[in-house]
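One-letter residues, chain by chain:
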Amino acid sequence: AVAPLATVATGGATKQPSVLSTLPPIALAALCTAAIMYPVDLVRALKMASVTAGKSETTLQLLAAFKETHGVVGFFTQGLVPEVARAAWMRALKFFLFPVMHEFVAHRPPSEGNSATKAMASVIASIPESITIMPLEISKICLQLDKAKVLGNSMFKAISDTVKRCGPAALFTGYVGVQYRQAAWTTGYFVSLDFFKNKARTALDYAGLEGKAQGMVNLAGGFCAGVFGACFNTPGDVIRTNIQKTVLAGGECGVGGIMAGPKNFFNVGSSIVSARGVGGLWAGFGFKALHLGGSGALMAVLVPKFKQLLNVNYD
């Protein structure tokens, strides 16, 4: 958020509120969203990781196998710490940096931008989040797929074991897929958000609720924009999940890193298409859409709510 709605009086003068004032409400919204959406993310990870397995398993079979290994509690705790930390940090950075980057590339706030300027700002904003979430991304996938329970649901053990086996570069296994995933969703979400909000507002006005349901407008618009972004980022997520699964489960070190990443990204993508058809790149899309649609809806609702609670007058 970059355009101030109000100024703050200080000693008889007026002072523009800092863009940094948006960080606390965005961070709180991101933390709540990450915790609420965790079980859906777990199912998504299981579905996507099963694409390169030797046999096709239904969602119920995958859930039953996970329950047998980790119990019912595992659906709410296995890999929870790294996922909540990763997702909260990722969303906080994304929603903070997007308007800042838009101001940088277009010299105007997102509300005055177009699809091209929003897309450019989204791609740039996705780079630091993609790089910084990688160690947490690796530890999360290690814990979620730890069928032997050798890691004890410990984020730090997952990271240290990965580094011991393959070196520090292993923490960037699947980076190309992660960068693709983050850029695609961020672009899809922010480019389409206002469009879907307008459609939701029109529908509510038609139902006689004009001016009375801004929360519903944000919820519906955020959900649809989140699902729209998921349509584009799911292939990258499927590919990176299977690269990470192969390497982290004891496969060849280094094949999914930053340098070897692009070639391996396309090789794994091609192997998935050969085995499962093009549709294999959208494995788990239903849960992915629910996860990112729900995340987009919650952020669209919670950020303005926390801004209001914390009296942050920046939009």
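What you are looking at is a predicted structure, and each value in this text was computed from that prediction instead of being measured.

Conventions we followed
- Within any chain, residue numbers begin from 1 and follow the written order of that chain's sequence.
- For this predicted model, a pLDDT threshold of at least 70 governs which residues receive local features, and a threshold of 80 or more governs which side-chain atom pairs are given and counted, while totals over whole chains, interfaces and linings are taken from all residues.
- Hydrogens and water molecules were not included; the side-chain quantities draw on all heavy atoms of the structure.
- Working definition: helices are DSSP H or I runs of at least four residues, strands are E runs of at least two. Numbering for both runs from the N terminus.
- Throughout this description, buried means an accessible area under 20% of the type-specific maximum (1.4 Å probe, protein chains only), exposed means over 50%, and partly exposed covers the range between.
- Any two residues whose heavy atoms approach within 4.5 Å are treated as being in contact.
- Method for areas: the Shrake-Rupley scheme with a 1.4 Å probe, in which residue coverage is limited to the protein chains shown.
- A helix is expected to reach a length of 1.5 Å times the quantity of its residues less one.
- Side-chain atoms within 4.5 Å are what join buried Ala, Val, Leu, Ile, Met, Phe, Trp, Tyr and Cys residues into a set we call a nonpolar core.
- Stacked, tilted and edge-to-face pairs are distinguished by plane angle, under 30 degrees for stacked and over 60 for edge-to-face with tilted covering the rest, among Phe, Tyr and Trp rings (Trp via its six-membered ring) whose centres lie within 6.5 Å.
- The patches described consist of residues with a relative accessible area above 30% and no salt bridge, like charges being joined within 9 Å and nonpolar side chains (Val, Leu, Ile, Met, Phe, Trp, Tyr) within 5 Å.
- We define a salt bridge as a contact between a side-chain nitrogen of Lys or Arg and a carboxyl oxygen of Asp or Glu at a distance within 4 Å.
- Working definition for bend: take the seven residues up to and ending at a residue and the seven starting at it, fit an axis to each, and measure the angle between the axes.
- All axes here are fitted lines through C-alpha atoms, helices being fitted over the stretch that makes contact, and every angle between N-to-C directions spans 0 to 180 degrees.
- An angle counts as roughly parallel when it lies under 35 degrees, as roughly antiparallel when it exceeds 145, as roughly perpendicular when it falls between 65 and 115, and as oblique in every other case.
- Take the far helix as the reference: if the near one is turned anticlockwise from it by less than a right angle, the crossing is left-handed, and if turned clockwise, right-handed.
- All residues other than Ala, Val, Leu, Ile, Met, Phe, Trp, Tyr, Cys, Pro, Asp, Glu, Lys and Arg, Gly among them, are scored as polar; the first ten of these are nonpolar and the last four charged.

**Student:** It is not clear to me how the overall build of the protein should be interpreted in this structure. Could you clarify?
**Tutor:** When helices and strands are tallied, the protein shows 10 helices and 2 strands. Looking at the 315 residues of the protein, the share that counts as buried comes to 50%. Partitioning the contacts of the protein with sequence separation of at least 6, the portion at a separation of at least 24 is 79%. Accessible surface computed for the protein: about 14400 Å², of which carbon and sulfur atoms make up 68%.

**Student:** Help me understand helix 10 (residues 285-309), please; the structure alone is not making it clear to me.
**Tutor:** Between its terminal C-alpha atoms helix 10 stretches 35 Å, which fits the 36 Å expected from 25 residues at 1.5 Å a residue. One or two positions beyond helix 10, positive phi appears at Asn311, with a value near 55°.

**Student:** Mind showing me how you'd approach the nonpolar core here?
**Tutor:** Looking at soluble globular proteins, one finds that nonpolar side chains tend to be buried together. Grouped together as the largest cluster of nonpolar side chains are 28 residues, with contacts concentrated most on Ile26, Ala29, Phe95, Tyr189 and Met299. Listing elements by their share of this core, those giving two or more residues are helix 1 (23-49), helix 4 (80-106), helix 5 (115-144), helix 7 (175-206), helix 8 (214-248) and helix 10. Setting aside residues no more than four positions away along its own chain, Ile26 makes contact with Arg91, Ala92, Phe95, Phe96, Met299 and Val303. Core analysis: the next-biggest nonpolar cluster, separate from the first, contains 14 residues, Leu143, Ile159, Tyr175 and Val178 among them.

**Student:** Help me out: how do you make sense of the packing of aromatic side chains in this one?
**Tutor:** The geometry of an aromatic ring pair is captured by the separation of the ring centres together with the interplanar angle, meaning the angle of the planes. Applying the stated criterion to the full structure yields 10 aromatic pairs. For the ring pair Trp185 and Tyr189, a centre distance of 4.7 Å and an interplane angle of 20° mean the geometry is stacked. You can see Trp185 and its partner Tyr189 sitting in helix 7, 4 residues apart, about one turn around the helix. Classification of Trp185 by relative accessible area gives buried; the value is 7%. An aromatic cluster is present here, built from Phe95, Phe98, Trp185, Tyr189 and Phe190 joined pairwise through their rings.

**Student:** How do you make sense of a nonpolar patch on the surface when you look at a structure like this?
**Tutor:** A contiguous nonpolar surface patch, about 290 Å² in accessible area, is contributed by Leu28, Leu309 and Leu310. Locating Leu28 in the fold gives a position in helix 1. Overall, Leu28 belongs to the partly exposed group, its relative accessible area being 36%.

**Student:** I tried to follow helix 7 on my own but got confused; where do I start?
**Tutor:** Spanning 32 residues, helix 7 covers 45 Å between terminal C-alpha atoms, matching the ideal 46 Å at 1.5 Å per step. In helix 7, a bend of some 45° at Leu193 exceeds every other bend along the element. Where helix 7 ends, the next residue or the one after it, Gly208, has phi of about 85°, a positive value.

**Student:** What is the right way to read the side chain of His102 from this model?
**Tutor:** Examined against the element boundaries, His102 turns out to sit in helix 4. Overall, His102 belongs to the buried group, its relative accessible area being 0%.

**Student:** Help me out: how do you make sense of the packing of helix 7 against helix 10 in this one?
**Tutor:** In a pair of packed helices, the angle between the axes and the distance between the axes together describe the arrangement. At a minimum axis separation of 12 Å, helix 7 and helix 10 run at an interaxial angle of 55°. Considered as vectors, helix 7 and helix 10 are oriented oblique to each other. As helix 7 runs across helix 10, the sense of the crossing is right-handed. Each of Arg181, Trp185 and Tyr189 in helix 7 lies in contact with helix 10, whose residues at this interface are Lys288, Leu292, Gly296 and Ala300. Here the contact of helix 7 with helix 10 is built from residues that sort into 4 nonpolar, 1 polar and 2 charged.

**Student:** Would you mind going over the environment of Lys288 with me for this structure?
**Tutor:** Relative to the helices and strands, Lys288 is located in helix 10. Taking the C-alpha atoms as reference points, Lys288 and Asn233, separated by 55 residues in sequence, lie 9.5 Å from one another.

**Student:** Looking at this model, I keep getting lost on the pattern of salt bridges. Mind explaining?
**Tutor:** Pairs can form between side chains of opposite charge once their charged atoms are near each other. Counted by the stated rule, this structure contains 10 salt bridges. Taking the shortest distance from any N to any O, the salt bridge between Arg181 and Glu137 comes out at 2.9 Å. Remark: Glu137 occurs in helix 5 and Arg181 occurs in helix 7; sequence separation between them is 44 residues. Where Asp237 meets Lys288, a salt bridge forms, and the shortest distance between an N and an O atom there is 2.4 Å. Placement of the pair is Asp237 in helix 8 and Lys288 in helix 10, with a sequence separation of 51 residues. In terms of burial, Asp237 and Lys288 fall into one category: buried. Linked by salt bridges that have partners in common, Arg86, Glu137, Lys140, Arg181, Asp237, Arg240 and Lys288 make up one network.

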